[in-house]
Each structure stands twice: as C-alpha cells, then as structure tokens.
Amino acid sequence: MKLSGFGIRARMFAAFGLVALVTVVSSIAAWVTYEKLSASLNAIIGRDIPGFSLASELTARSSEIVATAPILVSVETGRARDRVWARLMDSIHGTDTLIQSLGDYGIGQTQQSSLQTQLDAVASALRSLDANVRRKFWFGRRNRELTERLRWAHADFLDEIDPLIEDARFSIGLDLRRLRQSPQAGQGKLSPDAKRRRFGDLDARLRQHEALLRLKSSINLLVGLIFRAANAVDTPELNDILLFAGEAGAPIGQDLESLGKQPELTALRQSASAILKFTKGPDSLFDLRREALKLQMRNAGLLGASRALVQAFQTRISALSAQIRAQTTKASRRAGEITAQAKSLLIWAALGSIVIAILMVWLYVGRSLVGRITGLKTAMRKIADGDLGADVPSGGADEIADMAAALEVFRDTISETQRELVQAGKLAALGQLAAGVAHDLNQPLAALRFQAHNAAVNMERGKMADAAQNLEKISKLSTSMAKKINHLKTLARKPSRHIGTAELKSVISAALDLLQGRIRDEAVNIGLEYPDGPVLVRAGENRLEQVLLNVFGNALDAMKGAKTKSLDVRVRQTRNKTRIRICDTGQGFDDKTLLRIFDPFFTTKTVGEGLGLGLSISYNIIKDFGGSMKAQNQPPEGACFIITLLTAKP
C-alpha cells in the first residue's frame, strides 16, 4: 500500500480534534446561558404554563358538554340516558372544580364569579333538558302500551265479525237455493205472498252482509291510520292522518246502526267501540303523539338554548386563555432578554464549529471519502447484479485507491470467468444433446439409403420420373439433417453481447427441436400457446435459446418417473412486456430450493449430473436483456418458470 503524506486516519484525527475543541468552548458558553435562563423558566413553569393548561382543560370540558348534550336528546333507553347524564354531570362538576382553582393562577374574583354564573345557567338548562328526556321515555312507554292494546282490540273485532260474515254468506246461499228449487209434488206452487216474503228475507240478509263487510273495511282502515299516527314524524303529517281517520270512522256508526240490536251483535259493537276509543279520549293515540311531538320541539329549543349558553361560556374561556397567554408571552420575553446577553458568544462559537464541520464534511469526507466510497459501492452493486462492464472510479493515493484497483482486477477476472462458464455450460448442454441428435439422424440416414437404392433401381428400369421423386426426397432429408447440425454449430459459438430483436416463436421452436429426441423417447406431451402473428422481444437469439434450452432440459429432468409428463409453454404479450410461462408436471420445489434456485453452484441433482450454474447463468442473461426470471410451484404438482422480456417494436 503506497501513501503520500498523511493517511486517512491522521487526517480524521486532526479534523475531529479541532471540532472537539470548538465543542468544548461552545458547551461552556451554553452552560453559562442556561444558568441565567433557569430562574426565568422556573417562573414560567411554576405559574404561567399550569394556568394555560387549566384554560385548555376548561375549553376541553366545555367542548365535551357541547358534544354530549345532543346525545342526551337522542337516547332511546333509560340506561343510555343514565350514562349520558353521568358524563354531563362529570363535565359540569369538573368544570366547576377548575373554576374554583382559577384564583391560584392570577385570575381575578370578578372573572371567576362570571364564569361560575354562566356554568350554573348551563347546568340549569341541561337539567330541564333531562326532565324532558325522561318525559319522552314516558310517552314512548305509553305509545307502546296503547298500540299493543289496539292490536288486541283489533284481533277481538276480527274474531267477532268474521264468523258473522260467514253466517250471513251461508244464509244468503241457502235462500238462493230455496228460491231456485221447484215445489215438490203435491205441494203446488208458492203463492205470491210467500215469494215476496222469501225475497224480502234475502234482501235483508244481503243488506246485513254488505253492512258487515263495510264495517270490517272501515275498522281495518281506521286501525291502520291509528298505527301510522302513533309513528308520525311531525305535526302536519299527524293532522293529515287525523283527517283521514275522521273520514274512515264516519261510516262505522251508521253501519252498526243498520245492523240492528240483535243480541248476537253485542260483542261486535263492544269490540268496535273499544277501537274507536283509541281516536278520542284518554286513550287517544292521536293526542298522545301530538303531545310527544310538542315535547320533541321543546327539546330542540332547550338544546339550542343550552348550546348558546355553552358557546357563550366557551367565548369567556377563550378570553381567559388569551389573558394567560399574554402573561406567558411576557415572561418568555423576559427570558429572551436574558438570553440575548450570551447570544453573541454562542453564535460565534457555533459558527466556528459549523464552518470547521462543513469544511471537513463537504470538502474532505463528502468528496474525498464518502463520494469515492459511494462510487465504489455503486460499482460493486452493479458487478454483483451482473453488469460486468460497470466503470470503477479510480484516483487518489490512499486506501480507497487501492480498493478501486483491486475491484477492477476482480471485475475483469469475474467477467472472463463468467464468459467461460457460459460457454462451458453451452458445451455441456451440447454434449447432452449430441446423443439425442445422433439418434435423430439415424432414421433420416436409413431413409437416404432406401431412397438412393430406389433411385438406382428406377434409373436402371428407365423410370426417370420415379427416380427424380426419390432424389427430391433425398434432398429434403439432407436439408433437414443439415439444419439440425447447423443449429448445433450456431449454439456452440460464443454469443455476442449485442441485444437486438428476436422472434420468440422461432427461438422456442429451435430449442424444442434440439430436445426432440428426449421428448419423443420420454413420451412428453408438449403444449404451446402463442399470440397471433410474430412475437418480437428485445434479446439475443443465441443467448435466449440457451436460456430456454436450459429451462426445458431441467423440466424434462424433473419429470423423470412422473405418471403424467406434460410441458406447457404459454406466451402472453402486451405493448411493453412479453411473458413466457413454462410449466412441467414434475416434483416441484421445496421452500429452501425456491430461495436458492438461482444461486451459483446450487443444485438438487446428484453428483455428476450438473454443476448448479445453468439457472444462475440463465438468470443473469435474462437480466442483461432488461427482463426478469422467477420460479414457483404449480399446484397440485409440478413447477413453473416465468420469464418476462421487453417487447420489441416491429
């Protein structure tokens, strides 16, 4: 390590020693100033701040009264009223206690008496409001009692009138049958007087039946109006219902009168009269609801008056708070005058400390140390993320410069190592593919021999057209074999770092074609799903094919021994992103494997089957393309790799 002059340690010791000296001087000056301030602050803390806190508590108590009073009006049960009233009384008593203690904080007796008077007025208004709330509960209980009685009276009425209506209907039917029947033999025809009597009886029964039906309808309508009146929301609605009830009840007396005074109608008359009592008199639900609505209006008025009293009380408390705030401000001003005496010393001491700190932090630590270290950290992060072309900041003649030089050596070494590993991974994959390709070439070679023999035979026999067809088949087989061999040669070359536009369908097809022998021998079902038209992505075709070949090969390895072997490739493309989802029906991954699956040299295969570099290299290749790659399990069995690439413009 070569250093010129002082190193980082000596420079930092000198700078911090100077700052420490300035700090000691500043601390002594601050101690003297705080001693002078203590007396003034004791006065503020002992009297002014507690007084201001008391005024704030008074404001909070009055605000609680304002918030709780409307709740008292809206409560529906006695238990809820007790809780709300207890809260109000607690606020009133707490406010009264605070007012009694105002004299201890410089508040005059006149102001204290005025606040007490206003508080007594608020308490009186709230007690009146509470009395009305208890009265409201009585109205509610009375309303429920009368409506329940009305419900039973209506049920009794229906029990009385329904049998009468049925009897009248039966008698009418019986009279009609008698009139329709012919006289029996030997009796002769009915006399005109007898016919008139029978028709008269029928007419009387019809009128009675009609009166009973009208009576039932009128009573039902009246009962419905009474129930509606019991729940009217305001006086105009109640008056409208009362008007309708008068019209509905008017025919009831006439219908009862037309039915006559028969003894069997006595119970019916009594039940109808019992229902009519709910419209007038002491059991009138109309009068009860009217009084309840009046009470509701009085409650609103009392609530408004209480709110006005509390607001006036709050205004007075606000004035009191302003007075205490003025006292506190005056005391604070006195403390400021004491502080001004030592301010010059503190300012100069602090200014000197700040200047030294700024010079050290900005000029030396910020630029020379932190800036250079930050640059090294950024370069390290880029290299760790796979950007082996990242610039390493250099310069200087200290420890940081040595670190930069070491990082450059590390970057260059790991870059060359990665390229060699990528090529080694490709050659290893080619070695595994060679047997499969050789197996695939055996069948075309046998076909070539067969077609060549047929061509020779056809030429000897003079069948030149058949010989030409044999030669054409030989040409097609040769082209197919050359395509496979040529593809292996292309894959074996070292890939270019250039990122261009790749047609994804052809890349996937090429990768699957190289694995066709394994796919056929292992009876793997291939599922492909593409968008319509060309699928263009930002990538290098050779490196992207290597990634897909690696993923497809791992999927085939994972499905060894599986009952169902299926490899599904689905491509989804949007305007900006292209997503490739590759799923198999193998064993899937455990949680530990998912966390480390892209780590270098991590593998779940047995010794000799892999080095654990394929997925790590593939991950960095996809990252170089500006995309992402992740793995996940696919319930109920199997795993999926999801590769996301940038969509290329046509």
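Keep in mind the model is a prediction, meaning the values are calculated, not measured. Just so you know, the residues in each chain are numbered from 1, in the order the chain's sequence is written. pLDDT decides what is reported in this predicted model: residues at 70 or higher carry local features, side-chain atom pairs at 80 or more are listed and counted, and totals for whole chains, interfaces and linings draw on all residues regardless. Side-chain calculation: all heavy atoms of the structure are included, whereas hydrogens and water are not.

## Section: the overall build of the chain
Secondary structure elements are defined from DSSP: runs of H or I of at least 4 residues count as helices, runs of E of at least 2 residues count as strands, and each element is numbered from the N terminus. Across its full length, the chain carries 14 helices and seven strands. Each residue is placed in one exposure class: buried if its accessible area under a 1.4 Å probe, protein chains only, is under 20% of its type's maximum, exposed if it is over 50%, and partly exposed if it falls in between. Evaluated residue by residue, the chain yields a buried proportion of 37% over its 650 residues. Where accessible areas are quoted, they stem from the Shrake-Rupley method and a 1.4 Å probe; at the residue level, only the protein chains shown are allowed to cover. About 37,600 Å² of surface is accessible on the chain, with carbon and sulfur atoms providing 58% of the total.

## Structural notes on the confidence of the model for the chain
As a per-residue quantity, pLDDT reports the predictor's confidence and falls between 0 and 100. In the predicted model, the chain carries a mean pLDDT of 75, and 70% of its residues have values of at least 70. Mean pLDDT across the secondary structure elements of the chain bottoms out at helix α8 (residues 399-460), with 62, and peaks at strand β5 (residues 577-584), with 94. Contacts: residue pairs with any heavy atoms within 4.5 Å of one another. When the criterion is pLDDT under 50, residues 1-5 qualifies, and its contacts beyond four places in sequence or with other chains add up to nine contacts.

## Quick notes on the nonpolar core
The tendency in soluble globular proteins is for nonpolar side chains to be buried as a group. Buried Ala, Val, Leu, Ile, Met, Phe, Trp, Tyr and Cys residues that are joined via side-chain atoms within 4.5 Å together make up what is termed a nonpolar core. Of all hydrophobic cores here, the largest spans 39 residues; its most connected members are Leu544, Leu548, Phe552, Ile582 and Ile643. The set of elements that each furnish at least two residues to this core consists of α10 (504-514), β3 (536-539), α12 (541-558), β4 (566-573), β5, α14 (614-624), β6 (628-633) and β7 (639-646). In terms of residue count, α12 provides more of this core than any other element does, eight residues in total. Of all hydrophobic cores here, the second largest spans 38 residues; its members include Phe139, Ile241, Leu256 and Ile275.

## Topic: helix α5 (residues 235-258)
Take the number of residues in a helix, subtract one, and multiply by 1.5 Å to get its expected span. When the terminal C-alpha atoms of α5 are compared, their 36 Å separation across 24 residues agrees well with the 34 Å that a helix rising 1.5 Å per residue should span. Regarding α5, the residues found buried are Leu238, Ile241, Ala245, Ala248, Ile252, Asp255 and Leu256. With a side-chain oxygen positioned 3.0 Å from the backbone nitrogen of glutamate 237, the residue opening α5 is aspartate 234. One or two positions beyond α5, positive phi appears at glycine 260, with a value near 90°. Here a polar contact means two N or O atoms within 3.5 Å. Within protein one must be a hydrogen donor candidate and the other an acceptor candidate, and residues neighboring in sequence count only if both atoms are side-chain atoms.

## Here's the deal with the packing of aromatic side chains
Stacked, edge-to-face and tilted are the three classes for Phe, Tyr and Trp ring pairs, Trp counted by its six-membered ring, which pair at centre distances within 6.5 Å; planes under 30 degrees apart are stacked, over 60 edge-to-face, the rest tilted. Per the counting criterion, the structure on display carries one aromatic pair. Ring plane angle 80° and centroid distance 5.9 Å describe the contact between phenylalanine 589 and phenylalanine 641, whose orientation is recorded as edge-to-face. With phenylalanine 589 in the loop between β5 and α13 (591-596) and phenylalanine 641 in strand β7, this residue pair connects regions lying 52 residues apart in the sequence. Looking at phenylalanine 589, the relative accessible area reads 22%, which means it is partly exposed.

## Points about the pairing of β6
The pairing of β6 with β7 spans six bridges and is antiparallel. When the sheet's bridge partners are listed, asparagine 633 is paired in β7 with alanine 639. Counting the residues between successive antiparallel strands, the hairpin from β6 to β7 contains five residues, one of them, glycine 638, with a positive phi of roughly 105°. Only strands that DSSP links by at least two bridges are regarded as paired with each other.

## Brief notes about the pattern of salt bridges
Oppositely charged side chains are able to pair whenever their charged atoms sit close together. Throughout this description, the term salt bridge denotes a Lys or Arg side-chain nitrogen within 4 Å of a carboxyl oxygen of Asp or Glu. The full count for this structure, using the stated rule, is 14 salt bridges. Here arginine 570 and glutamate 529 are joined by a salt bridge, their closest N and O atoms 3.7 Å apart. Of this pair, arginine 570 sits in strand β4 while glutamate 529 sits in strand β2 (residues 525-529), placing them 41 residues apart in sequence. Classification of arginine 570 as partly exposed rests on a relative accessible area of 43%. The class of glutamate 529 is partly exposed, set by a relative accessible area of 32%.

## Overview of the pairing of β7
Burial runs high along β7: seven of the eight residues are buried. One ladder, built from seven bridges, connects β5 with β7; its direction is antiparallel. Opposite threonine 578, over in β7, you have leucine 645 as the bridge partner.

## Digging into the state of the cysteines
The criterion for a disulfide is a pair of cysteine sulfur atoms lying within 2.5 Å. Applying the stated criterion across every chain, the model contains one disulfide. Across a sulfur-sulfur distance of 2.1 Å, cysteine 583 and cysteine 640 are joined as a disulfide pair. The chirality of the disulfide connecting cysteine 583 with cysteine 640 is right-handed, given an S-S dihedral of about 110°. On the criterion of sequence distance, the pair formed by cysteine 583 in strand β5 and cysteine 640 in strand β7 is long-range, its members being 57 residues apart. Cysteine 640 matches cysteine 583 in its accessibility class, with the two residues each being buried.

## As for the sheet that holds β4
Within a sheet, adjacent strands bond to each other through the backbone by hydrogen bonds, running parallel or antiparallel. Taken together, five strands build an open sheet; the order of strands is β2-β4-β5-β7-β6 and the sheet is mixed. A single partner strand is all that each edge strand has here, and the edge strands are β2 and β6. In this sheet, adjacent strand axes meet at a mean angle of 15° when their direction is disregarded. Two elements, β4 and β5, share seven bridges in a ladder whose sense is antiparallel. Pairing of valine 569 across the sheet is with isoleucine 582, part of β5. Here an axis means a line fitted to C-alpha atoms, over the contact stretch when the element is a helix, while the angle between two N-to-C directions is reported on a 0 to 180 degree scale. Strand contacts of α10: β2, β4 and β5, with the helix running at about 165° to β4, the strand carrying the most contacts. Together, β6 and β7 form the strand contacts of α14, whose direction differs from that of β6 by roughly 135°.

## Re the packing of α10 against α12
In contact at an axis separation of 9 Å, α10 and α12 are set at 50° when each is read in the N-to-C sense. Regarding the angle of α10 to α12, the classification is oblique. In this structure, α10 crosses over α12, and the sense of that crossing is right-handed. Together, Leu504, Val507, Ile508, Ala510, Ala511, Leu512 and Leu514 of α10 and Glu541, Leu544, Glu545, Leu548, Leu549 and Phe552 of α12 make up the contact between the two elements. Each residue gets one label: Ala, Val, Leu, Ile, Met, Phe, Trp, Tyr, Cys and Pro are nonpolar, Asp, Glu, Lys and Arg are charged, and the others, such as Gly, are polar. When its residues are assigned to classes, the contact of α10 with α12 shows eleven nonpolar, no polar and two charged. Should an angle fall under 35 degrees it is taken as roughly parallel, and over 145 as roughly antiparallel, whereas 65 to 115 is taken as roughly perpendicular and any remaining angle as oblique. Definitions for this section: a left-handed crossing has its near helix turned counterclockwise from the far helix by less than a right angle. A right-handed crossing has that turn clockwise.

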